[in-house]
Amino acid sequence: MRRRDIFALGTLALAATAASQASAGGPTSSSGSVSPSLNIAGVGIPIIAGGRIRNYVFVTIRLTLGEGQTPEALRSKEPYVRDALVRQAHRTPFVLADDWTRVDSDAISTWLMRAAPSISGANSISAAEVALQTPRRRTGVRST
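All of these numbers come straight from a predicted model, not from anything done at the bench.

S.K.: Where do I start with helix H3 (residues 78–91) in this structure?
M.R.: Compared with an ideal rise of 1.5 Å per residue, which puts 14 residues at 20 Å, H3 spans 20 Å between its outermost C-alpha atoms and is within 8% of the ideal. Considered for burial, the residues of H3 that qualify are Glu78, Val81, Ala84, Leu85, Gln88 and Ala89. Buried residues of H3, seen end-on, are gathered within an arc of 135° and therefore sit on one face of the element. In this structure, H3 carries Pro79, Tyr80 and Arg91 as exposed residues pointing more than 90 degrees from its buried face. Where H3 is buried, its residues contact strand E1 (37–49), strand E2 (52–65), helix H2 (71–75) and helix H4 (105–120).

The structure is reproduced here in structure tokens:
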């Protein structure tokens with residue numbers, strides 16, 4: 001019985017903290033404006049080595065939007081970003097030389113920054129990063 005009271009008290013405290021932050025403008029209201037971002041989850045990137053598909057890595061990509069862009073405006077372009085990324089991954093794979101369970105996140109970020117103006121318009125994305133990588137097969141480290 002006392003354990004339930006403790007959990008209820010903790011839940012009420014968390015709800016009160018969240019409500020006070022929401023009424024105050026959030027936890028970052030005093031630090032200036034934060035650029036909005038958009039997450040694109042579940043993009044399957046093939047790992048191709050020696051002309052064969054060795055694995056798939058599912059990535060979540062965080063796009064930081066440019067000046068004056070809203071997540072709703074870029075969300076309509078999300079299928080085009082996904083398609084372009086998978087097509088590019090089949091042309092020139094984003095493969096690490098010694099690991100088939102991860103992708104080269106720097107190469108993906110660089111390519112997205114170069115391709116963003118043609119996909120979603122100029123100054124639509126100010127930064128791109130791979131936030132999460134989940135391989136289909138957990139093994140595949142090459143020992144050469």
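S.K.: Honestly, the pairing of E2 in this entry has me stumped. Any pointers?
M.R.: Regular strands place their side chains on alternate faces of the sheet. By the bridge criterion, eleven bridges tie E1 to E2 in an arrangement that is antiparallel. Note that in E2 the partner of alanine 49 across the bridge is arginine 52. Count of turn residues in the E1/E2 antiparallel hairpin: two residues, of which glycine 50 carries a positive phi of about 65°. Summarising the sheet, E2 and strand E5 (residues 125–135) pair through nine bridges and their orientation is antiparallel. The partner of isoleucine 61 across the bridge, within E5, is valine 130.

S.K.: Just to check I follow, could you spell out the side chain of serine 120 for this structure?
M.R.: Relative to the helices and strands, serine 120 resides in helix H4. In this structure the side chain of serine 120 is engaged in a polar contact, spanning 2.6 Å, whose partner is the side chain of serine 124. Not counting the four nearest positions on each side in its chain, serine 120 is found in contact with Leu74, Lys77 and Ile125.

S.K.: Explain the sheet that holds E1 here, please?
M.R.: To summarise the sheet geometry, strands pair through backbone hydrogen bonds and adopt either a parallel or an antiparallel arrangement. What the three strands build is an open sheet, ordered E1-E2-E5; its pairing is antiparallel. Strand pairing shows two members of the sheet lacking a second neighbour, E1 and E5, which therefore form its edges. Taken over all neighbouring pairs, the strand axes of this sheet differ in orientation by 30° on average, direction set aside. This element, H3, spans E1 and E2 of the sheet and lies at about 20° to E1. Packing against the sheet, H4 makes contact with E2 and E5, and its axis sits at approximately 130° to E5.

What counts and what doesn't
Residues numbered from 1 in each chain as written. Predicted model: local features only at pLDDT ≥ 70, side-chain atom pairs only at ≥ 80, totals over all residues. Heavy atoms only, no water. Helix = DSSP H or I, 4+ residues; strand = E, 2+ residues; numbered from the N terminus. Expected span 1.5 Å × (residues − 1). Buried < 20%, exposed > 50% of the residue type's maximum accessible area, 1.4 Å probe, protein only. Arc of directions from axis to C-beta. Contact = heavy atoms within 4.5 Å. Pairing = 2+ DSSP bridges. Polar contact = N/O pair within 3.5 Å; in protein donor to acceptor, adjacent residues only side chain to side chain. Axes fitted to C-alpha atoms, helices over the stretch in contact; angles between N-to-C directions.

Remember that the coordinates give geometry; whether it matters functionally is a separate question.
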